[in-house]
Amino acid sequence: MNKTVYNLTHLFLCLFIICTITNAQNPLFPNSVVSNDIDFIRDTDPDSFVSLEFVGREDKEMPSSQSNELFDEDTFVFEATFSDGETIELWCHSSFVTQAAAQEYAEKACPRLGKLPVFQRNMLNHIVIHNGDAGAFAEIQGQFFVLYSDNMDRRISTNDLEETIFHESVHASYQFMFQNDPSWLNAQLSDPAFVTEYGQENPALEDMAESALFAYTFITYPGRLSEDIELWLETNIPNRIEWFRGLYSISTNTDELNPTLDIITYPNPTSEKCTVQLDQLTTEDYIDVYDFATGALITKVKLKEGQNDIDLTDFADGIYILSTKYHGKSMVVKQ
């Protein structure tokens, strides 16, 4: 082959490889929620929300991106109940003026909360709703997030409120446990790309929540994303997908939407111990408790039919997988 032709061919191949790699590493979208038309979470998806009750008016801490006033007097307080028996308070700012106006927006949030993965919803402390127009944000350490009424209406009109609440709930639920954990950092470092520009620009704070929405949909609803997007995820963020699979492919076992489960774990989250309730035990079995982050086996407990108490007092805060040979797996959060 002519040397000049060879060099040109070699240069072309190098440029082609570089371009291919560069394209493969480009984020799919600017952000996960409003920069695409994907309906990640649908109105028809299972919803564990049961009821909403007005608790009363109390003084609450209501942080806002629009005001330096941290505390609100006479906040409207509501309590949402879900099918696993767990509850969440929703705090609506006094500027709604009437209970009816405040309740309208609490009711708009509740079915979206009911579509969250159970463990993710149960880790939330409360929800803040302001009367006004600004972007949602989360308080990671406080384990709550903030919504604004006008923005909620706009997100409902574009089918994006479910995704907004999912995104903020990742920040407000388990991110504080894992944002500096080696299991997450290694998965993030091992992948060649970020799924969104927002995650790429803010890898420490935003990549977990940005990636979670794609991973949850990919794992929970195969085929809901297009083939091109699923292939991109498998090629460009496989390690993060597998990390999220540990969260989203294991039932929390408190979800009544899955009636086939015969193992129930409560309370979840817990601060000291959790109770594993077995409806029946036909053979000798043990429950293995694994650290989700490391995969290490922490302890084994022999099971009996009925109530089994698992003492987590000396365990570090985190997520633990409870696995039994004959009854599947459960997930419990200690915080």
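As a convention, each chain's residues are numbered from 1 in the sequence order in which they are written. Given that this is a predicted model, residues contribute local features only at a pLDDT of at least 70 and side-chain atom pairs are listed and counted only at 80 or more, while totals for whole chains, interfaces and linings are drawn from all residues. Derived side-chain values reflect all non-hydrogen atoms in the structure, with water molecules and hydrogen atoms excluded from consideration.

Draft legend 1. Examining the environment of glutamate 197 more closely. We count a stretch as a helix when DSSP gives it H or I for four or more residues in a row; a strand needs E for two or more, and each element gets its number in order from the N terminus. By the element assignment, glutamate 197 lies in helix 8 (residues 197-201). Expressed as a C-alpha distance, the spacing of glutamate 197 and glutamate 210, which sit 13 residues apart in the sequence, is 9.4 Å. Contacts were defined at the residue level, with two residues in contact if any of their heavy atoms lie within 4.5 Å. For glutamate 197, the contacting residues outside a window of four places in its chain are Pro27, Phe29 and Pro30.

Draft legend 2. Region of interest: the sheet that holds strand 1 (residues 49-61). Only strands that DSSP links by at least two bridges are regarded as paired with each other. Read from one edge of the open sheet, 6 strands run 1-2-3-4-6-5, paired in mixed fashion. Two strands bound the open sheet, and with one partner strand each, they are strand 1 and strand 5 (137-139). Going from strand to strand, the sheet's axes swing by 25° on average, the running direction of each strand aside. In this sheet, strand 6 (residues 144-148) lies alongside strand 5 in antiparallel orientation, the contact comprising 3 bridges. In the strand pairing of strand 6, alanine 138 is matched with phenylalanine 145. In the packing of helix 2 (residues 99-114) onto the sheet, the strands contacted are strand 1, strand 2 (71-82), strand 3 (87-92), strand 4 (126-130) and strand 6, and the crossing angle to strand 2 comes to about 40°. Packed on one face of the sheet, helix 5 (residues 161-172) meets strand 5 and strand 6 and runs near 150° to strand 6. Only the stretch in contact is used when fitting a helix axis, every axis being a line fitted to C-alpha atoms; angles between N-to-C directions are given from 0 to 180 degrees.

Nothing here speaks to function; it is geometry throughout.
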